[in-house]
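Structural features, examined
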Amino acid sequence: MHSPHIPTCASCNLCFARNDSVFNTLTAQELQELEDAKTYVSFGDGELIFKERQRPFGIYIIQEGKVKISKHGYEGREYIVRFARNGNIIGYRSFFDGEPYSCSATTISEALLCFVPGNTIIDLIRRNSGLALQFMKHLAQDLKHAEEKAISIAHKPVRERVAESIIILKEVYGFEHDNNIIDVSLKRDEIAGIAGTSRETVTRILSELNEEKIVLLEGRKIRILAPEKLHAIAFRSF
């Protein structure tokens, strides 16, 4: 579970992550209420934020860092539902649904998160219709991405799914400073969890893409050498 270290947090009014979050509609007074209620917590790489079947008591906002949202299925295999980054909220669907978490959230880098208690969220939504609309838009976007992923896994060959997974990682986390290394470090098991296949299959396909000079594997990092070719592989079935 999370580390006990509680770092100093900047004011919500000054937080750069707020502009990319659902809370960008709040007034100065409402932001102060949010700031007074939140808890700011640091996590190490690979730490569990919450897990399946736990009861939610609020929502988390990623101030800094990278997080994967995943489920464990047949034979304990991990399936990654989505990734999250700075400014994203996690755990909100289960909170609003009033059900235990359906997925687990785990850091894939060091991370700093704000936890906002549920009663604060509900009170703000009752007084700010813009916040309610933002949550609705966020939920609609997540549902769209889930539908697209379900269709991809159901209809695409595995090579296409692995290529699409690389593109998803690039779209979520972007590149490092040299503009072609994806700014996230993942194990082969985790890439398999995105593509809905086995670690062995992912290792083989990544090796093929490496040999074809479409990507260059650098440990757990992936450098995209031929983005057009990668995109053509990922989406040629559709």
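To be clear, the structure that these remarks concern was listed above.
Calculation notes
- Residues numbered from 1 in each chain as written.
- Predicted model: local features only at pLDDT ≥ 70, side-chain atom pairs only at ≥ 80, totals over all residues.
- Heavy atoms only, no water.
- Phe/Tyr/Trp six-rings, centres within 6.5 Å; stacked < 30°, edge-to-face > 60°.
- Helix = DSSP H or I, 4+ residues; strand = E, 2+ residues; numbered from the N terminus.
- Buried < 20%, exposed > 50% of the residue type's maximum accessible area, 1.4 Å probe, protein only.
- Arc of directions from axis to C-beta.
- Contact = heavy atoms within 4.5 Å.

1. Quick look at the packing of aromatic side chains
- Tallied over the full model, the rule gives eight aromatic pairs.
- Arranged with centres 5.0 Å apart and planes meeting at 55°, the rings of Tyr-60 and Phe-115 form a pair that is tilted. Taken as a pair, Tyr-60 in strand β3 (residues 58-64) and Phe-115 in strand β8 (residues 111-117) lie far apart in primary sequence, 55 residues in all. In terms of burial, Tyr-60 and Phe-115 fall into one category: buried.
- Ring geometry for Phe-96 against Phe-135: centres 5.0 Å apart, planes inclined by 80°, an arrangement best described as edge-to-face. With Phe-96 in helix α2 (residues 92-97) and Phe-135 in helix α4 (residues 129-155), this residue pair connects regions lying 39 residues apart in the sequence.
- You can call Phe-96 partly exposed: its relative accessible area is 35%.
- An aromatic cluster of at least three residues, connected via ring pairs, comprises Phe-23, Tyr-92, Phe-95, Phe-96 and Phe-135.

2. Examining helix α8 (residues 227-235)
- For α8, every residue scored as buried is listed here: Leu-230, Ile-233 and Ala-234. Along the axis of α8, the buried residues cluster in a sector spanning 100°; they form a single face. Of the exposed residues in α8, the ones pointing more than 90 degrees away from its buried face are Glu-228 and Lys-229.
- The elements touched by buried residues of α8 are α5 (158-173), α7 (199-211), β9 (215-218) and β10 (221-224).

3. Some details on unusual backbone geometry
- Its identity is not glycine, yet Arg-53 carries a phi of approximately 75°, on the positive side.
- Looking at the element boundaries, Arg-53 is found in the loop between β2 (48-50) and β3.
- For Arg-53, a relative accessible area of 69% translates into the label exposed.
- In this structure, Lys-213 is a non-glycine residue whose phi angle is positive, near 60°.
- Topologically, Lys-213 is positioned in the loop between α7 and β9.

Everything listed here is a matter of geometry and, on its own, says nothing about what the molecule does.
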